[in-house]
Amino acid sequence: MRVARPKPWEVDDELWAVIEPLLPKVERRARNPGRKRHPDRLVFQGILFVLHTGIAWEHLPQELGFGSGMTCWLAWRSGPRLG
């Protein structure tokens, strides 16, 4: 019996426990909070999916639940500036 290997873009709980504290905390505004943010873990997995597969950001499949390609791209682009 073969054990299913996790996909390279899937982030397990142990790895996420290391990564999550490194991400900046973003508070929602009390007044005019706007749209709710997509979960950071899913956005991070979307970034890994694009980098692993080599697809264009705009072709990130919505069915995977990672958010839009633009959401992931903006998070990836702002990463180096955050520290």
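**Points about the nonpolar core**
Then, number 1: The biggest cluster of nonpolar side chains holds 9 residues, and these are Trp-9, Val-43, Ile-47, Phe-49, Val-50, Trp-57, Leu-60, Phe-66 and Cys-72.
Then, number 2: With 4 residues, the top contributor of residues to this core is helix 2 (residues 40-53).
Then, number 3: Residues within four places of Ile-47 in sequence aside, it is in contact with Trp-57, Cys-72, Ala-75 and Trp-76.

**What to know about helix 2**
Then, number 1: Helix length check: helix 2 (14 residues) gives 20 Å between terminal C-alpha atoms against 20 Å at 1.5 Å per residue, within 8%.
Then, number 2: Among all positions in helix 2, only Val-43, Gln-45, Gly-46, Ile-47, Phe-49 and Val-50 are buried.
Then, number 3: Those residues of helix 2 that are buried lie in contact with helix 3 (69-78).
Then, number 4: Gly-54 occupies a position one or two residues after helix 2 and carries a positive phi of about 80°.

**Here's the deal with the environment of Val-43**
Then, number 1: Looking at the secondary structure, you find Val-43 in helix 2.
Then, number 2: Sequence separation between Val-43 and Leu-74 is 31 residues, and the spatial gap between their C-alpha atoms is 9.9 Å.
Then, number 3: If we ignore the near neighbours within four places in the chain, the residues touching Val-43 are His-38, Phe-66, Thr-71, Cys-72 and Ala-75.

**Describing the packing of helix 2 against helix 3**
Then, number 1: Closest axis-to-axis distance for the helix 2/helix 3 pair is 9 Å, and the angle between their directions is 90°. It follows from the interaxial angle that helix 2 and helix 3 lie roughly perpendicular. Judged by residue contacts, Val-43, Gly-46, Ile-47 and Leu-51 of helix 2 engage Thr-71, Cys-72, Ala-75 and Trp-76 from helix 3.
Then, number 2: Residues belonging to the contact of helix 2 with helix 3 are distributed by class as follows: 6 nonpolar, 2 polar and no charged.

**Remarks on the layout of surface pockets**
Then, number 1: One number sums up the size of the largest pocket: a volume of about 790 Å³.
Then, number 2: A total of 6 residues in the lining of the largest pocket trace back to one element, the largest contributor, which is helix 3.
Then, number 3: Class assignment of the residues belonging to the lining of the largest pocket gives a composition of 13 nonpolar, 7 polar and 4 charged.

**Re the packing of aromatic side chains**
Then, number 1: Overall, the coordinates contain 4 aromatic pairs when judged by the stated rule.
Then, number 2: Between Trp-9 and Phe-49, the ring centres sit 4.7 Å apart and the planes meet at 80°, which makes this aromatic pair edge-to-face. Of this pair, Trp-9 sits in the segment before helix 1 (13-19) while Phe-49 sits in helix 2, and the two are 40 residues apart along the sequence. We note that Trp-9, like Phe-49, is buried.
Then, number 3: Judged by centre distance (5.5 Å) and plane angle (35°), the rings of Trp-57 and Trp-76 are tilted. Of this pair, Trp-57 sits in the loop between helix 2 and helix 3 while Trp-76 sits in helix 3; the two residues are 19 residues apart in sequence, bridging distant segments of the chain.

What counts, and where the lines are drawn
- Residues numbered from 1 in each chain as written.
- Predicted model: local features only at pLDDT ≥ 70, side-chain atom pairs only at ≥ 80, totals over all residues.
- Heavy atoms only, no water.
- Core = buried A, V, L, I, M, F, W, Y, C linked by side-chain atoms within 4.5 Å.
- Buried < 20%, exposed > 50% of the residue type's maximum accessible area, 1.4 Å probe, protein only.
- Helix = DSSP H or I, 4+ residues; strand = E, 2+ residues; numbered from the N terminus.
- Contact = heavy atoms within 4.5 Å.
- Expected span 1.5 Å × (residues − 1).
- Axes fitted to C-alpha atoms, helices over the stretch in contact; angles between N-to-C directions.
- Parallel < 35°, antiparallel > 145°, perpendicular 65-115°, else oblique.
- Nonpolar A, V, L, I, M, F, W, Y, C, P; charged D, E, K, R; others polar.
- 1 Å grid on protein atoms, 1.4 Å probe; cavity = no way out; pocket = protein on both sides within 12 Å on 5 of 7 lines; lining within 4 Å.
- Points joined across faces, edges and corners; volume = space filled by probe spheres on them.
- Phe/Tyr/Trp six-rings, centres within 6.5 Å; stacked < 30°, edge-to-face > 60°.

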